[in-house]
Structures are given as structure tokens and as C-alpha cells.
Amino acid sequence: MARIIVVTSGKGGVGKTTTSAAIAMGLAKKGHKTAVIDFDVGLRNLDLIMGCERRVVYDFVNVINGEATLNQALIRDKNCNLLYILPASQTRDKDALSKEGVGRVLDELKKDFKYIVCDSPAGIEKGAHLAMYFADDAFVVTNPEVSSVRDSDRMLGILASKSYRAEQNQEPIKEYLLLTRYSPERVKLGEMLSVEDVQDILSLHLLGVIPESKSVLNASNSGTPVILDEKSDAGQAYGDIVARYLGENRPHRFIDDKKGFFRKFFGSK
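Quick notes on the rules
Residues numbered from 1 in each chain as written. Predicted model: local features only at pLDDT ≥ 70, side-chain atom pairs only at ≥ 80, totals over all residues. Heavy atoms only, no water. Helix = DSSP H or I, 4+ residues; strand = E, 2+ residues; numbered from the N terminus. Rg over C-alpha atoms; globule rule 2.2 N^0.38 Å. Buried < 20%, exposed > 50% of the residue type's maximum accessible area, 1.4 Å probe, protein only. Contact = heavy atoms within 4.5 Å. Areas by Shrake-Rupley, 256 points an atom, 1.4 Å probe, with all protein chains shown as cover. Lys, Arg positive; Asp, Glu negative; His and termini not counted. Charge placed at Lys NZ, Arg CZ, Asp CG, Glu CD. Patch = residues over 30% accessible without salt bridge, like charges linked within 9 Å, V, L, I, M, F, W, Y side chains within 5 Å. Salt bridge = Lys/Arg side-chain N within 4 Å of Asp/Glu carboxyl O. Pairing = 2+ DSSP bridges. Axes fitted to C-alpha atoms, helices over the stretch in contact; angles between N-to-C directions. Polar contact = N/O pair within 3.5 Å; in protein donor to acceptor, adjacent residues only side chain to side chain.

Student: Please provide a residue-by-residue account of the overall build of the protein chain, values included.
Tutor: Scanning the protein chain from terminus to terminus reveals 13 helices and eight strands. Taking 269 residues into account, the globule formula puts the C-alpha radius of gyration at 18 Å, and the protein chain, at 18 Å, falls close to it. Each principal axis of the C-alpha atoms in the protein chain carries an extent, and together these give about 65 × 40 × 35 Å. Evaluated residue by residue, the protein chain yields a buried proportion of 54% over its 269 residues. A sequence separation of at least 24 residues applies to 74% of the contacts in the protein chain between residues at least 6 apart. When the accessible surface of the protein chain is summed, it comes to about 12,700 Å², and 47% of that surface belongs to carbon and sulfur atoms. Taking the average location of the 37 positive side-chain charges in the protein chain and that of its 36 negative ones, the two points are 4 Å from each other.

Student: So what's going on with a negative patch on the surface? Residues and values would help.
Tutor: Taken together, the side chains of Glu196, Asp197, Asp200 and Asp256 present a region of like negative charge at the surface. Position of aspartate 200 relative to the elements: it lies in helix H10 (residues 195-202). Taking the relative accessible area as the measure of exposure, aspartate 200 reaches 63% and is therefore exposed.

Student: How would you sum up the sheet that holds strand S8 (residues 205-211)? Please name residues and give values.
Tutor: On the basis of which strands lie adjacent, the open sheet formed by eight strands has the order S3-S4-S2-S5-S1-S6-S7-S8 and mixed pairing. Either end of the sheet is taken by a strand with one partner, and the two such strands are strand S3 (75-76) and S8. The sheet contacts of helix H1 (residues 16-29) involve strand S1 (3-8), strand S2 (34-38), strand S4 (83-86), strand S5 (115-119), strand S6 (137-142) and strand S7 (174-182), and relative to S5 the element is tilted by about 170°. Where helix H5 (residues 99-110) meets the sheet, its contacts fall on S1, S2, S4 and S5, and the angle it forms with S5 comes to roughly 150°.

Student: Explain the environment of isoleucine 116 to me, and be specific about the residues and the numbers.
Tutor: Among the structural elements, isoleucine 116 can be located in strand S5. A relative accessible area of 0% places isoleucine 116 in the buried class. Through-space distance from the C-alpha of isoleucine 116 to that of alanine 24 is 8.0 Å; in sequence the pair is 92 residues apart. Among residues more than four places away in sequence, those in contact with isoleucine 116 are Arg3, Ile4, Ile5, Ala35, Ile37, Leu106, Leu109 and Lys110.

Student: Explain the side chain of aspartate 38 to me, and be specific about the residues and the numbers.
Tutor: Looking at the element boundaries, aspartate 38 is found in strand S2. From its side chain, aspartate 38 meets the backbone nitrogen of asparagine 45 in a polar contact 3.3 Å long. Among the polar contacts made by the side chain of aspartate 38, one reaches the main-chain amide nitrogen of leucine 46 at a distance of 3.2 Å. Ignoring sequence-local partners within four residues, the contact set of aspartate 38 consists of Arg44, Asn45, Leu46, Phe60, Leu86, Pro87, Ala88 and Asp119.

Student: Tell me about the environment of valine 195, and please be specific about residues and values.
Tutor: With respect to the element layout, valine 195 can be found in helix H10. Placed 34 residues apart in sequence, valine 195 and aspartate 229 show a C-alpha to C-alpha distance of 24 Å. Discounting residues that sit within four places of it in the chain, valine 195 has contacts with Leu179, Tyr182, Leu206, Val209 and Ile255.

Student: Any details on the side chain of serine 120? Residues and values, ideally.
Tutor: Position of serine 120 among the secondary structure elements: in the loop between S5 and helix H6 (126-133). Residue classification places serine 120 among the buried positions, given a relative accessible area of 3%. With sequence-adjacent residues up to four places away left out, serine 120 is seen in contact with Val6, Val7, Thr8, Lys16, Phe39, Ala128 and Ala131.

In C-alpha cells:
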């Protein structure tokens, strides 16, 4: 049965679209037919990170309005035949999305796809609410800073009370924590919250920690999901996250200060 994943946060700029692209690619590379949808109507960044911006003809809003079929709008990924992208519109506003229209598109996708990843806009406006409304699982993306964590805490309240599952008294959305742009060195200096601090505030199951890494920016600029850069820390971290989500038991990495350990071990300054 198809599973709908929303990648969400209360704050912008925490890495939701990077995460959506990486998770969708990771699931597809594991052999699962996967679709990833850009809910950020008016901005549209997912197609850039996926490297398919020049192939966009029809978009999510076109499908909702009956101006194009789903098959016309879906773009097959250039790196993986099991991954498809449904881009957002750059010329409409958030009101172009409707609960009925989104539900209809998702129902159609569920007939064909194992996983449907919804890349949510930040905050609590209409696009964000619709991205999470039909979700089975929520990947809550946050940076290790107080304002980001506080805003994510607010999103948890919405996930718990304003989703289809909540309205129908069904099993709640499964919530997972993804901590991005993490630096153990800066945690030690007191410049950012630790993993334990964030978990104490949000009380979520930690799915993974993505370290601060230049490879994320490099991947975005090249139109390639960072999970394909298997030599980078960030690529490996996203690979671990996908594996854990699919039930594999992997130890958490990139949480400890390796440099600090070696400095202490060898007695260097």
C-alpha cells in the first residue's frame, strides 16, 4: 500500500527541499517507485534541485485544474527510472491548491507509486497545511537553533490536530526528526543546540542527523540530489536515514566531534 510522506518544518531555509529530493531518490534507488511533489506554489525549487527545470511543461496546479493529466505533468528523473517529479507552478499563488484537488491527485498517485514525498513550504499557510493533511508519515526538519526548534514544535501541534487522520480518528501520523546543518564542534562551543537538547524539546524519534557540508550546496547547484554523492558526509547521512526509515538498524553518525576526539587522544592543541 502507498505511503505518503510530508517533509515539513515551521521555518524556512532548514533544508526541506534538499531533504525531499534526497529521501525520494533514496527510496527509488532502493527499488521503490516514488513520486515527489513540490507544494511550494509560486516559488518552485524542487525541479532545480532535481535538475529537471528545463523539462517542466505542466505542473501540479495544471493537473488539479484539469488542464493536464498526471502523466503529462510527471517528469521521470534522469538518474533513476523509478523516481518521478511533480513540479509546482511558478505563476499561481497558494490559493490555486484545494483540499479536494490535492486529494484527487494523491489518490491517483497511490494507484501506481509505493511512496509519495510531499515537499512542503515553510510555515502554516495553505500550501503547508495541504502538504501535511493527507500524510501517513512526517519528516520534521529542523536546524539545531532555538527559533527553528520552536517553530517545528508548533508544526507538531498541527500534524496532531488538523490532518485527515486526526479528523477521522485514525492512527496518528508517524513523526520523525531530521536534524540538519549539525556541527558537533559548534555544539561544544555552545553556538548551537545538541541532539539531546532538540530531542528533549520535541520528543521525536530521531531518524538522522545531517552535518554541515559544502556538498549540499554543490549538489543543489548541479541539479543532483546530495544522496547520490556517496563520498560526502551529507550523502551518507541521507542514505542512513532512508535505510532506517525502511527498517534497517544503522548507528547514528556525524553526532560526535571527531576532531575533538583526535585532539584529545593525541594530545595536540
